[in-house]
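Residue strings, one per chain:
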Amino acid sequence: MKDLSTSILKIRTVRPSAIAPGSLLVAEPFLSESYFNHGVITLVDYTVDDGALGLVMNAPTGHTLDEYLEGVDANCGVEVYCGGPVGIDRMVFMHTLGESVFPGAKEFAPGLYLGGDFDMAIDYVNSGYPLDGVLRFFIGYSGWDSEQLKQELDGETWAVADSPADRHQLLTGEGDAYWHRFVRRMGEAYRAWRFFPRDIRAN
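Residues numbered from 1 in each chain as written. Predicted model: local features only at pLDDT ≥ 70, side-chain atom pairs only at ≥ 80, totals over all residues. Heavy atoms only, no water.

**Let's talk about empty space enclosed by the protein**
Definition in use: Buried and open spaces are told apart on a 1 Å grid over the protein atoms alone, a cavity being a set of points where a 1.4 Å probe fits but cannot get out and a pocket being an open set with protein on both sides within 12 Å along at least five of seven lines. Residues with an atom within 4 Å of a point are the lining residues. Grid points are joined across faces, edges and corners, and a volume is the space filled by probe spheres set on the points. For the purposes of this entry, the term helix denotes a DSSP run of H or I that reaches at least four residues, the term strand denotes a run of E that reaches at least two, and both are numbered from the N terminus. Residue classes follow a fixed rule: Ala, Val, Leu, Ile, Met, Phe, Trp, Tyr, Cys and Pro count as nonpolar, while Asp, Glu, Lys and Arg count as charged, and any other residue, Gly among them, counts as polar.
All chains considered together, the criterion is met by one cavity of 30 Å³ or more. Within this model, the largest cavity holds a volume of roughly 40 Å³. Around the largest cavity sit Tyr46, Thr47, Val48, Gly51, Ala52, Asp145, Ser146, Glu147, Gln148, Leu149 and Lys150, which together line it. The set of elements that each furnish at least two residues to the lining of the largest cavity consists of β2 (40–47), β3 (51–56) and α3 (148–154). For the lining of the largest cavity, the element with the most residues is α3, which contributes three residues. Of the residues contributing to the lining of the largest cavity, the split by class is four nonpolar, four polar and three charged.

Shown next, in the form of structure tokens:
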């Protein structure tokens, strides 16, 4: 059977001139690797020489924060996301709240922060403050060695998109609907992507 990912259905990606922390990697429709199928990754660190780190934004683990950590109110029901296949014994969090709320947070792109005081993040959760669009927890991350991401981009595994100006959109939604939302944001050049099923064998 012909590999559809190399057929005339393959859509050529449009890559911006600059890739930086905060850029989004949107998986092409035929990428079947389980961690990245219909995934949207936010780059949190990137240099051509040193490689890249990112978090898959839309892959819920099916487990809540209280299942991983003691001291979390089980009634909060906070979903934990799978950030990628590397470091699955580590938890990180992304947010829009900044150092004033979580001291030690690192601003990796304007208005987007990684980490900070973890105990204060748990207190924030237990206090019942809003999380949707504001704060998201991840197990594991995605990593690329020097030149590896460039090779994947050259192979059109990913389309690169700018993060939305409204940072809250990045921390809202999950699954296929999240991927489709960002594909729509990329415009008419990617319109056909929206009609490819997650599993081509399902057609």
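From this point on, the discussion continues.
**Some details on a negative patch on the surface**
So the rule is basically this: Residues with no salt bridge and a relative accessible area higher than 30% make up the patches, which join like charges within 9 Å and nonpolar side chains (Val, Leu, Ile, Met, Phe, Trp, Tyr) within 5 Å. Each accessible area is a Shrake-Rupley result for a 1.4 Å probe, and residues are judged covered by the shown protein chains and nothing else. A side-chain nitrogen of Lys or Arg and a carboxyl oxygen of Asp or Glu constitute a salt bridge if their distance falls within 4 Å. As used throughout, the charge tally considers Lys and Arg to be positive and Asp and Glu to be negative, leaving His and the chain termini uncounted. Every charge is mapped to an atom, namely NZ of Lys, CZ of Arg, CG of Asp or CD of Glu. Three exposure classes are used, based on accessible area relative to the maximum for each residue type with a 1.4 Å probe and protein chains only: buried under 20%, partly exposed in between, and exposed over 50%.
The grouping of Asp45, Asp49, Asp50 and Glu147 at the surface amounts to a negative patch. Its location among the elements puts aspartate 45 in strand β2. Accessibility expressed as a relative area gives 35% for aspartate 45, which makes it partly exposed.

**Comments concerning the side chain of threonine 96**
Worth spelling out the cut-off: The contact criterion used throughout is that any non-hydrogen atoms of two residues lie within 4.5 Å.
With respect to the element layout, threonine 96 can be found in the loop between β6 (86–95) and β7 (106–109). Judged by relative accessible area, threonine 96 falls into the buried class, the value being 19%. Among all residues touching threonine 96, those that are not within four sequence positions of it are Gly111, Leu112, Tyr113, Gly133, Val134, Arg167, His168 and Leu171.

**Some words on the packing of aromatic side chains**
Note the threshold: Only Phe, Tyr and Trp rings take part, Trp by its six-membered ring, and two of them pair if their centres are within 6.5 Å. Stacked means planes under 30 degrees apart, edge-to-face means over 60, and tilted covers everything else. Two conditions define a charge sitting above a ring: the NZ of Lys or the CZ of Arg must be within 6 Å of the ring centre, and it must be within 35 degrees of the ring normal.
What the rule picks out here adds up to 12 aromatic pairs. Between the aromatic rings of tyrosine 81 and phenylalanine 138, the centroid separation amounts to 6.2 Å while the plane-to-plane angle is 50°, which identifies the pairing as tilted. Remark: phenylalanine 138 occurs in strand β9 (residues 135–144) and tyrosine 81 occurs in strand β5 (residues 79–82); sequence separation between them is 57 residues. Residue classification places phenylalanine 138 among the buried positions, given a relative accessible area of 0%. Their ring planes at 40° and their centres at 5.7 Å tell us that phenylalanine 93 and phenylalanine 137 sit as a pair that is tilted. Highlighted residues: phenylalanine 93 in strand β6 and phenylalanine 137 in strand β9, separated in sequence by 44 residues. Owing to a relative accessible area of 0%, phenylalanine 137 belongs among the buried residues under this scheme. Stacked on the ring of tyrosine 81, the Lys or Arg arginine 136 has its end atom at 4.0 Å from the ring centre.

**A word on the pattern of salt bridges**
Taken as a whole and assessed by the stated rule, the structure comprises one salt bridge. Note that lysine 150 and aspartate 154 form a salt bridge whose closest N and O atoms lie 3.0 Å from each other. Separated by four residues within a single helix, lysine 150 and aspartate 154 lie in helix α3, roughly one turn from each other.

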